[in-house]
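Below, each chain spelled out in residue letters.
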Amino acid sequence: QKVSVEVLDHLEHLALVDFRDSEGVERLQKAIQFADQLHEVNTEGVEPMDSVLEDRWCLYLREDDVTEGNCTKELLENAREKVEEYFVAPPGNIPLPKLEERETFLQGS
């Protein structure tokens, strides 16, 4: 199943992943093909779930006790790139190519 340029563009902007080479597009097509198998499962009469734990009366949560803190400076020393007091993620992200630039590539795949 071929992936359209528009779908590819939309996925790249959502996931910040570059599918510019044939290996990336091929991997995406295989993932879609694998996920399409879910359409073969009969889900008639099965209500959608909000959570896999929804049958429990209450969820067990841990106490949220703060035992350490005020270490922003030390944590930001680990950042490859930061803006003000925030990590820039994903590090090394590349600008995505324009839609027209990819169209010629996809015709060859």
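Each value, and the rule that gives it
Residues numbered from 1 in each chain as written. Predicted model: local features only at pLDDT ≥ 70, side-chain atom pairs only at ≥ 80, totals over all residues. Heavy atoms only, no water. Salt bridge = Lys/Arg side-chain N within 4 Å of Asp/Glu carboxyl O. Helix = DSSP H or I, 4+ residues; strand = E, 2+ residues; numbered from the N terminus. Buried < 20%, exposed > 50% of the residue type's maximum accessible area, 1.4 Å probe, protein only.

The chain is annotated in an unreviewed UniProt entry as GATC amidotransferase of Neodrepanis coruscans.

Side note on the pattern of salt bridges
Where side chains of opposite charge bring their charged atoms close, a pairing between them can arise. For the structure shown, the criterion picks out two salt bridges. Linking Glu26 and Lys30 is a salt bridge whose minimum nitrogen-to-oxygen distance equals 3.4 Å. You can see Glu26 and its partner Lys30 sitting in helix H2 (residues 22-35), four residues apart, about one turn around the helix. Classification of Glu26 as partly exposed rests on a relative accessible area of 44%. Of the charged contacts in the structure, one is a salt bridge between Arg62 and Asp64, with a shortest N-O distance of 3.7 Å.

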